Amino acid sequence: MNPRATDRARYDRATAHLDAPLALVDLEAFDANADDLVRRAGGKPIRVASKSVRSRALLERVLARDGFAGIMSFTLAESLWLARAGFTDVLLAYPSADRARYAELAGDRKLADAVTVMIDDPAQLDLIDAARDGGREELRICLELDTALRMLGGRVRIGALRSPLREPAQLAELARSIARRPGFRLVGLMAYEGHIAGVGDALAGRPLRSLVIRAMQATARRELTERRAAVVRAVRTVAPELEFVNGGGTGSVQHTAAEDAVTEIAAGSGLYVPRLFDNYTSFTGRPAALFAQPVVRRPGVGVVTVLGGGYPASGPAGRDRLPVPYLPEGLRFDGQEGPGEVQTPLLGSAADDLLIGDKVWFRHAKAGELCERFETLRLVEGDRVVASVPTYRGEGHTFL
């Protein structure tokens, strides 16, 4: 029996008493992926991206392991919720306009000590001050650097449209603005190189495009390494006690960790290893998070239909944003229907071995977004469900 068939047999035995739809996390694969991230980080701590996990129990599990320290959150409401739950180092990775939560943050010493907020514009400081509602706590601030690769005099830009702060002088000037302003303390820098960390460089069946991506990423790494180091030097002249410089992502851990200027790495998707992280030359992870849909129809030879399953991921619309049937092997979507809201036909010879009520296991395109579809994750060891833990949604929270 090949490894995937073995996994299918384990998952079916473990969940035989449970009806689908359901989601599981294979703890052996999850822990192995965590170990691989630590190995690739080469001794630098990994800050866990919560949007890629979205379960407090699994955040606690990974943070209990050596090599992991702190959370990178995605909304201010989530940050405060996590801090109140006992997480003591939460970096909000995106600027917020949540005035009510800023007032809570500024009025609570424990929260203000635990949460660091992101800015890249003085106007964001103005919004925070206007929202304080009498709160006087000093807020921890992180600046974000634009990591995009620019070529041909800026006419070509590759990278996410995030921060407007690009050059050392820009970040140093904003650092000086923070230093002059009561109620704020600059403690960190962040630079997320999504065009390196989040873009696979070994696309199946597309060797030429893969070569182009690898060449682009090599150029981008060289440019960013120099510019990030210059930015850190410039900001440290203003804030010499800067606590951290965060960079990277699952796809670039070892490259970013090699930079002297970077003190910690961000990663999260590499714990679950969704399908978008299959196409990298630098690492191979183990799929750890899966969801199952039940077979409810057998329309004909070589066809079964499962209930639901249409869980597309965010990003530019395309086939790579769709989930994929994973177990049993040999199933594919129908080109006319694809994965649907209420039913998903699946084609292939493997369909003829499936009975009404059997489970088909899928992989989501992204990591934590799967958790927006399920209230519970079944944690599997071997062929047993050893625990059932809530997702954010299961605890009553959908932060975005």
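Structure: above.
Here the structure is a predicted model, which is why all the values come from computation and not from measurement.

J.: Can you explain the packing of aromatic side chains? Please cite residues and give values.
T.: Under the definition given, this model contains 14 aromatic pairs. Here Phe291 and Tyr311 contribute two aromatic rings whose centre-to-centre distance is 5.0 Å and whose plane-to-plane angle is 45°, an arrangement assigned as tilted. Of this pair, Phe291 sits in strand β12 (residues 289–300) while Tyr311 sits in the loop between β13 (303–307) and β14 (324–327); the two residues are 20 residues apart in sequence, bridging distant segments of the chain. We note that Phe291, like Tyr311, is buried. Ring plane angle 20° and centroid distance 6.5 Å describe the contact between Phe333 and Phe362, whose orientation is recorded as stacked. Linking Phe333 in strand β15 (residues 332–333) with Phe362 in strand β17 (residues 359–363), this pair joins segments that are 29 residues apart in sequence. Relative accessible area serves as the criterion here: at 14%, Phe333 is assigned to the buried category. Exposure remark for Phe362: the relative accessible area of 0% places this residue in the buried category. Positioned above the aromatic ring of Phe283, the side-chain terminus of Arg40 is 4.2 Å from the ring centre. Over the ring of Phe74 we find Arg54; its NZ or CZ atom is 4.9 Å from the centre of that ring.

J.: Any chance you could break down the sheet that holds strand β6 (residues 139–144) for me, citing the residues and the numbers?
T.: Pairing in this closed barrel of eight strands is parallel, and the strands run β2-β3-β4-β5-β6-β9-β10-β11 around the ring. Sheet twist, expressed as the average angle between the axes of neighbouring strands with direction ignored, equals 30°. Relative to the sheet, helix α3 (residues 56–63) contacts β2 (46–49) and β3 (68–73), its axis offset from that of β3 by approximately 145°. The strands touched by helix α10 (residues 207–238) are β9 (184–191) and β10 (244–247); relative to β9, the strand with the most contacts, the crossing angle is about 175°.

J.: Tell me about the nonpolar core, and please be specific about residues and values.
T.: Ranked by internal contacts, the top residues of the largest apolar core, which has 92 residues, are Leu143 and Tyr272. Here Leu143 is in contact with Met118, Ile119, Leu171, Leu174, Ala175, Ile178, Leu186, Gly188, Leu189 and Met190, once residues within four sequence places are set aside. The next biggest cluster of nonpolar side chains, apart from the first, holds 12 residues, and it includes Tyr11, Leu18, Ala292 and Tyr326.

How each quantity is defined
Residues numbered from 1 in each chain as written. Predicted model: local features only at pLDDT ≥ 70, side-chain atom pairs only at ≥ 80, totals over all residues. Heavy atoms only, no water. Phe/Tyr/Trp six-rings, centres within 6.5 Å; stacked < 30°, edge-to-face > 60°. Helix = DSSP H or I, 4+ residues; strand = E, 2+ residues; numbered from the N terminus. Buried < 20%, exposed > 50% of the residue type's maximum accessible area, 1.4 Å probe, protein only. Lys NZ or Arg CZ within 6 Å of the ring centre and 35° of its normal. Pairing = 2+ DSSP bridges. Axes fitted to C-alpha atoms, helices over the stretch in contact; angles between N-to-C directions. Contact = heavy atoms within 4.5 Å. Core = buried A, V, L, I, M, F, W, Y, C linked by side-chain atoms within 4.5 Å.

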